[in-house]
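# Observations on chain architecture
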Amino acid sequence: MPGDPASAMFARFAGQLQPEAIDALRVAFGFTNEPLHQQYFTYVAHLFQGDLGLSVAYFPSKVTDVIATGLGWTLLLSGIAVVISFVLGTTLGVVATWRRGGWLDSVMPPVLIFLGAFPYFWLAMVLLYTFGFVLGAFPARHAYSDTLAPALSAEFILSVIQHMVMPVTAIVIASLGGWMLSMRSTMVGVLAEDYITMANAKGLSQKRIMFHYAARNALLPNITGFGMALGFVLSGSLLTEIVFSYPGQGYLLIQAVRNQDYPLMQGIFLTITLAVLGANLLVDILYVWLDPRTRAR
């Protein structure tokens, strides 16, 4: 991106700042004439101290404070959407495979794949127009009512839930088919294994065979995908947050790009990276619990 944040901010004040103020702004944002490697080591040193610099778009707030405001909303919105989509899609995949040839196995996969072919933002705009503007069933923007202040009260929590319904629904509809088909394809192979035949021969209940023997072993590939999805929730469903003016990480990233806010962009990307690494670590731990072969010496 051309230009630098100090010049952009100087132009934003439209003559209210003295010309020499632009040098002070460059120093405040860390733009110096030092060699690049020295600037990099300075940034890393500040990073270990928890100092990500000042935000240009939200000046004079610190980047850590700005990210903290959007992190909670993104975790709440995308986290709930991913968990609902994973649990619902995986369960549908297990039941559809167990009853192969039934209506659930014949109708749901093509319908969900068709809906999943639409991008998040398109589904979000359809829901916003239908249920937000035409029917007025749910709030059309923001994370809670403008007349409320954040508080641990039933009224505020209810407002947050009402504002989440349409964004979460858009994400779940678009991603549900992927979880279901992934689980279905794995279950088909698992149901052909000898230990499933043995379990049936021993007269075990169908529910126990389906969930404890088949689904548990077929779940491992989906757990890997869930870990990756869980890590990427911090990047937010960017366009979905934009459509609903939801104050999450994606909305902050758009504001950072528009205002050439490099420190904020670096902070958001760093948060996403750490989230992906943390989610992969959790998946590895979960694998040890789910798959006895990983515990064998």
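One can find the structure itself at the top, above this paragraph.
None of the values given here were measured: they were computed from a predicted structure.

## Notes on the packing of aromatic side chains
What the rule picks out here adds up to seven aromatic pairs. Judged by centre distance (4.7 Å) and plane angle (15°), the rings of phenylalanine 118 and tryptophan 122 are stacked.

## Some thoughts on a nonpolar patch on the surface
A contiguous nonpolar surface patch, about 420 Å² in accessible area, is contributed by Phe121, Trp122, Met125, Val126 and Leu239. The biggest single contributor to the nonpolar patch is helix H6 (residues 120-134), with four residues.

## Side note on the packing of helix H7 (residues 154-190) against helix H9 (residues 206-218)
At their nearest, the axes of H7 and H9 sit 8 Å apart, and the two run at 125° to each other. The orientation of H7 with respect to H9, classified from their angle, is oblique. As H7 runs across H9, the sense of the crossing is right-handed. Every residue of H9 that contacts H7 at Met183, Thr186, Met187 and Val190 is listed here: Tyr213, Ala214, Ala215, Asn217 and Ala218. Considered class by class, the residues forming the contact of H7 with H9 number seven nonpolar, two polar and no charged.

## Here we look at the environment of leucine 239
When you line up the elements, leucine 239 lands in helix H11 (residues 238-243). Classification of leucine 239 by relative accessible area gives partly exposed; the value is 42%. Considered as a pair, leucine 239 and tryptophan 122 are 117 residues apart in the sequence and their alpha carbons are 9.3 Å apart.

Cut-offs used in this document
- Residues numbered from 1 in each chain as written.
- Predicted model: local features only at pLDDT ≥ 70, side-chain atom pairs only at ≥ 80, totals over all residues.
- Heavy atoms only, no water.
- Phe/Tyr/Trp six-rings, centres within 6.5 Å; stacked < 30°, edge-to-face > 60°.
- Patch = residues over 30% accessible without salt bridge, like charges linked within 9 Å, V, L, I, M, F, W, Y side chains within 5 Å.
- Areas by Shrake-Rupley, 256 points an atom, 1.4 Å probe, with all protein chains shown as cover.
- Salt bridge = Lys/Arg side-chain N within 4 Å of Asp/Glu carboxyl O.
- Helix = DSSP H or I, 4+ residues; strand = E, 2+ residues; numbered from the N terminus.
- Axes fitted to C-alpha atoms, helices over the stretch in contact; angles between N-to-C directions.
- Parallel < 35°, antiparallel > 145°, perpendicular 65-115°, else oblique.
- Left-handed = near helix turned anticlockwise from the far one by under 90°.
- Contact = heavy atoms within 4.5 Å.
- Nonpolar A, V, L, I, M, F, W, Y, C, P; charged D, E, K, R; others polar.
- Buried < 20%, exposed > 50% of the residue type's maximum accessible area, 1.4 Å probe, protein only.

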